[in-house]
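# A look at the structure
If you want the building blocks of each chain, they are given just below.
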Amino acid sequence: MVKKPTLSYKNFDAACIIVNLLIYRLFTRIPTLFPKTAGTAAALSAGFSAILAFVMIFLIVAVFLRIPRINILDVAESAFGVLGRKIFALLILLYLFTSAIVTLGEFSELTKLISFPTAPIAFCALFFTIAATVGVFGGFSAISRLHRLFVPATALVLFVIVISTLWNADFSNLFPVLGRGAESVFGKGISGIIMHTDILLLFLITPSDKRSHKSKNTVLVPVLFGLFTVVAVIFAFTVRIPYPVSAEGQFPIYLLLKEIHYGRFFQRIDAILLIVATLCGMLYLAFNLFFFTDILKSDFGVSDARPCILPVALTIFFSSAGVKFIPAEFLEVLLFCSGFALWGVFLLVILFMKVGRKQLNEKT
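For clarity, every value in this text was computed on a predicted model and none was experimentally measured.

How each quantity is defined
Residues numbered from 1 in each chain as written. Predicted model: local features only at pLDDT ≥ 70, side-chain atom pairs only at ≥ 80, totals over all residues. Heavy atoms only, no water. Helix = DSSP H or I, 4+ residues; strand = E, 2+ residues; numbered from the N terminus. Rg over C-alpha atoms; globule rule 2.2 N^0.38 Å. Buried < 20%, exposed > 50% of the residue type's maximum accessible area, 1.4 Å probe, protein only. Contact = heavy atoms within 4.5 Å. Disulfide = S-S within 2.5 Å. Salt bridge = Lys/Arg side-chain N within 4 Å of Asp/Glu carboxyl O. Phe/Tyr/Trp six-rings, centres within 6.5 Å; stacked < 30°, edge-to-face > 60°. Patch = residues over 30% accessible without salt bridge, like charges linked within 9 Å, V, L, I, M, F, W, Y side chains within 5 Å. Areas by Shrake-Rupley, 256 points an atom, 1.4 Å probe, with all protein chains shown as cover. Polar contact = N/O pair within 3.5 Å; in protein donor to acceptor, adjacent residues only side chain to side chain. Axes fitted to C-alpha atoms, helices over the stretch in contact; angles between N-to-C directions. Parallel < 35°, antiparallel > 145°, perpendicular 65-115°, else oblique. Left-handed = near helix turned anticlockwise from the far one by under 90°. Nonpolar A, V, L, I, M, F, W, Y, C, P; charged D, E, K, R; others polar. Expected span 1.5 Å × (residues − 1).

What follows deals with the overall build of the protein chain. Along the backbone of the protein chain there are 13 helices and 2 strands. The C-alpha radius of gyration of the protein chain comes to 20 Å, within 12% of the 21 Å expected for a compact globule of 364 residues. Its C-alpha atoms give the protein chain principal-axis dimensions of about 65 × 45 × 35 Å. Every one of the 364 residues in the protein chain was classed for burial, and the buried ones make up 57%. Here the contacts in the protein chain between residues at least 6 apart in sequence split such that 86% fall between residues at least 24 apart.

Shown next as structure tokens:
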């Protein structure tokens, strides 16, 4: 019997994990997807994708939380058998691996941009890799506690940046309201859901408490908070950085930071951003690496996940900042394809969950 990572869905640790899974990509270049597709309607497009993500998460939570003490892979097995579970696990591994490479590269570049402009990218990536690896060796309980310590500070800094940016905002940057047209906002804008795909990883955690109506609410409230934070930052970015500058592929959060001035005695706020961005990225990479190795153990016959941690971490490091044998364009396409596939398969698994409810109840 494989021991599963468990967590009470009703505690603060779970809420912090949910928030970090939703906001960590704000420190990457991926938010520029919104101005690229929607132009001046970037905030509207971000709001649309957030609503779409919340509706799908609501459907998943409403069904998933009816059955006690199982994770999403157990649900997949009940609905589609052992082979279906294996295929689903492979898709999750593909997404985790791709997302880890992209995340490590993006956070390393942001760190280099802020504090180490002359250092090689591998130098910055090494710190993230070491921190994430140490975190995974500490176990899932340590990772969840670290979220509780650092995520509230990250969220606070993001809202300070938003409020400071709006103080001298130019709201004419929001016009025309539909930007490049309704098709771009509500059609191509669907691609923005990739910002929120990582929230699905929450369901790899087996709840340690019995499912209840209260559990559903304690999941959905931090989901709403995380989605609101994302939209708020995109809105601030839109009203402060005019289009088409906002679509040039630079780090949105870094551009916003350069627009904030608190006077001559407090000018190094980039140091604060660097700290929270670093912590945010390290927490996600530790979470990602933990579940990558945990799935290897639970679904692919690896007797002990710990010996796999270092090789997987080194593979991610060299794929992102070392030899770079995977082209960036291919990684981006792979991230989007695996991310959208993950949404589709999650909804499909939930749709057919009733088929195996009896088996699940017997198992639990």
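Within this structure, the stated rule accounts for 0 disulfides. Of all cysteine sulfurs in the structure, the one in cysteine 16 sits closest to cysteine 280, which takes part in no disulfide; the separation is 11 Å. Overall, the relative accessible area of 1% leaves cysteine 280 in the buried class.

Quick look at the pattern of salt bridges now. Note that side chains of opposite charge can pair when their charged atoms are close. One pass over the full model with this rule turns up 8 salt bridges. With a closest N to O distance of 2.7 Å, glutamate 109 and arginine 29 form a salt bridge. In this pair, glutamate 109 sits in helix H4 (residues 72-114) while arginine 29 sits in the loop between helix H1 (12-23) and helix H2 (33-38), placing the two residues 80 residues apart along the sequence. Of the residues examined, glutamate 109 reaches a relative accessible area of 26% and is grouped as partly exposed. The shortest N-O distance in the salt bridge between aspartate 299 and arginine 85 comes to 2.4 Å. A residue pair is termed long-range when its members are at least 10 positions apart, and aspartate 299 in helix H10 (residues 269-299) and arginine 85 in helix H4 qualify at 214 residues.

A cis amide bond links phenylalanine 175 with the next residue in sequence, proline 176, at an omega value of 0°. Within the secondary structure layout, proline 176 lies in the loop between helix H6 (140-166) and helix H7 (182-186). For the bond from tyrosine 243 to proline 244, the omega torsion is 15°, close enough to zero to count as cis. In this structure, proline 244 sits in the loop between helix H8 (213-240) and helix H9 (252-258).

Glancing now at the environment of phenylalanine 346. Relative to the assigned elements, phenylalanine 346 resides in helix H12 (residues 328-351). Look past the residues within four positions of phenylalanine 346 in its chain and what remains in contact with it is Ile60, Ile72, Phe88, Leu200 and Phe203.

Applying the stated criterion across every chain, the model contains 22 aromatic pairs. Taking 3.9 Å as the distance between ring centres and 10° as the angle between the ring planes, the aromatic pair formed by tyrosine 24 and tyrosine 284 counts as stacked. With a gap of 260 residues between them, tyrosine 24 in the loop between H1 and H2 and tyrosine 284 in helix H10 connect regions that are remote in the sequence. In this structure, tyrosine 24 and tyrosine 284 share a single accessibility class: buried. Judged by centre distance (6.3 Å) and plane angle (50°), the rings of phenylalanine 203 and phenylalanine 346 are tilted.

On the surface, Leu44, Phe175, Val177, Leu178 and Phe186 cluster together to form a nonpolar patch covering roughly 450 Å² of accessible area. Here leucine 178 lies in the loop between H6 and H7. You can call leucine 178 partly exposed: its relative accessible area is 38%.

Turning our eyes to something else, we now look at the side chain of threonine 111. Structurally, the position occupied by threonine 111 is in helix H4. By relative accessible area, threonine 111 is classed as buried at 9%. Only 2.8 Å separates the side chain of threonine 111 from the backbone oxygen of phenylalanine 107, close enough to count as a polar contact. If we skip the residues at most four places from it in the chain, threonine 111 touches Phe116, Cys124, Phe128, Leu274 and Thr278.

What follows is about the packing of H4 against helix H11 (residues 306-321). Packing of H4 against H11 leaves a shortest axis separation of 9 Å and a crossing angle of 55°. The pairing of H4 with H11 is recorded here as oblique in orientation. Note that H4 runs across H11; the crossing there is right-handed. Only Thr315, Ile316, Phe317, Ser319 and Ser320 of H11 make contact with H4, whose side of the interface consists of Phe97, Ala100, Ile101, Leu104 and Gly105. Across the contact of H4 with H11, the residue classes tally to 6 nonpolar, 4 polar and no charged.

Before going further, it helps to examine H12. Between its first and last C-alpha atoms H12 spans 35 Å; for 24 residues at 1.5 Å apiece the expected length is 34 Å, and the two agree. Listed in full, the buried residues belonging to H12 are Leu331, Leu335, Phe336, Ser338, Gly339, Leu342, Trp343, Phe346, Val349 and Ile350. In this structure, the buried side of H12 is in contact with H2, helix H3 (42-64) and H4.

Fair warning: the whole summary comes from geometry, so function is off the table for now.
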